[in-house]
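What the coordinates show
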Amino acid sequence: MPFIQIDLRAGLSQEQRQLLGSRIVDIVHDAIGSARPHINVVIHEAVPGALVEGGKPVLTDERVG
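Here we summarise the structure given alongside this text. None of these values were measured; they are calculated from a predicted model.

Here the focus is the overall build of the protein chain. Tallying secondary structure elements over the protein chain gives one helix and four strands in all. Seen in sequence order, the protein chain has helices and strands lined up from the N terminus as β-α-β-β-β. For the protein chain, the C-alpha radius of gyration of 14 Å lies well beyond 11 Å, the compact-globule estimate for 65 residues. Each of the three principal axes of the protein chain carries a C-alpha extent, and together these read 40 × 25 × 20 Å. Counting across all 65 residues of the protein chain, residues that qualify as buried make up 18%. Here the protein chain displays about 4800 Å² of accessible surface, and carbon together with sulfur accounts for 55% of that area.

So, on to the pairing of strand β2 (residues 40-46). Two strands pair when backbone bridges link them, and strand β1 (residues 3-9) and β2 are joined in this way by seven bridges, in the parallel orientation. Across the sheet, Phe-3 pairs through a bridge with Asn-40, a residue of β2. In this region the chain leaves β1, passes through helix α1 (residues 14-32) and returns to the parallel neighbour β2; the handedness of that crossover is right-handed.

Where charged atoms of side chains with opposite charge meet at close range, the side chains can pair. Scanning all chains against the criterion turns up three salt bridges. Across the salt bridge formed by Asp-26 and Arg-36, the nearest N and O atoms sit 3.1 Å from each other. Residue Asp-26 is located in helix α1, and its partner Arg-36 is located in the loop between α1 and β2; the two are separated by ten residues in the primary sequence.

Moving on: α1. Across its 19 residues, α1 extends 27 Å between first and last C-alpha, which sits within 8% of the 27 Å expected from 1.5 Å per residue. Here α1 has its buried residues at Gly-21, Ile-24, Val-25 and Val-28. The buried residues of α1 all sit within an arc of 105° when viewed along its axis, so they share a single face. Exposed positions of α1 whose direction lies more than 90 degrees from the buried face are Glu-15, Arg-23, Ile-27 and Asp-30.

Attention now goes to the nonpolar core. The biggest cluster of nonpolar side chains holds five residues, and these are Ile-6, Ile-24, Val-25, Val-28 and Ile-39. Broken down by element, this core gets its largest block of residues, three residues, from α1. Leave out the neighbours within four places in its chain, and Val-25 touches Arg-36, Ile-39 and Val-41.

Moving on, we come to the side chain of Ser-34. With respect to the helices and strands, the residue Ser-34 is situated in the loop between α1 and β2. With residues up to four places along the chain from it excluded, the contact list for Ser-34 reads Pro-2, His-29 and Ile-39.

What counts, and at which threshold
Residues numbered from 1 in each chain as written. Predicted model: local features only at pLDDT ≥ 70, side-chain atom pairs only at ≥ 80, totals over all residues. Heavy atoms only, no water. Helix = DSSP H or I, 4+ residues; strand = E, 2+ residues; numbered from the N terminus. Rg over C-alpha atoms; globule rule 2.2 N^0.38 Å. Buried < 20%, exposed > 50% of the residue type's maximum accessible area, 1.4 Å probe, protein only. Areas by Shrake-Rupley, 256 points an atom, 1.4 Å probe, with all protein chains shown as cover. Pairing = 2+ DSSP bridges. Right-handed = clockwise from strand over helix to strand, strands pointing away. Salt bridge = Lys/Arg side-chain N within 4 Å of Asp/Glu carboxyl O. Expected span 1.5 Å × (residues − 1). Arc of directions from axis to C-beta. Core = buried A, V, L, I, M, F, W, Y, C linked by side-chain atoms within 4.5 Å. Contact = heavy atoms within 4.5 Å.

Put into structure tokens, the structure is as follows:
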């Protein structure tokens, strides 16, 4: 029963989170053969100010490139 956790900046739409989770389930299923219903994906989104990148706080939810 794989349990995959993803930590990223806030700002994805519900559709993007759903697509990300769905694709990860497919990849894990293909890679190790776990049944799709047993693969869990949790997406944690860090709010602005709660994330530090390269030693500097990220104070906005704007995505770079």
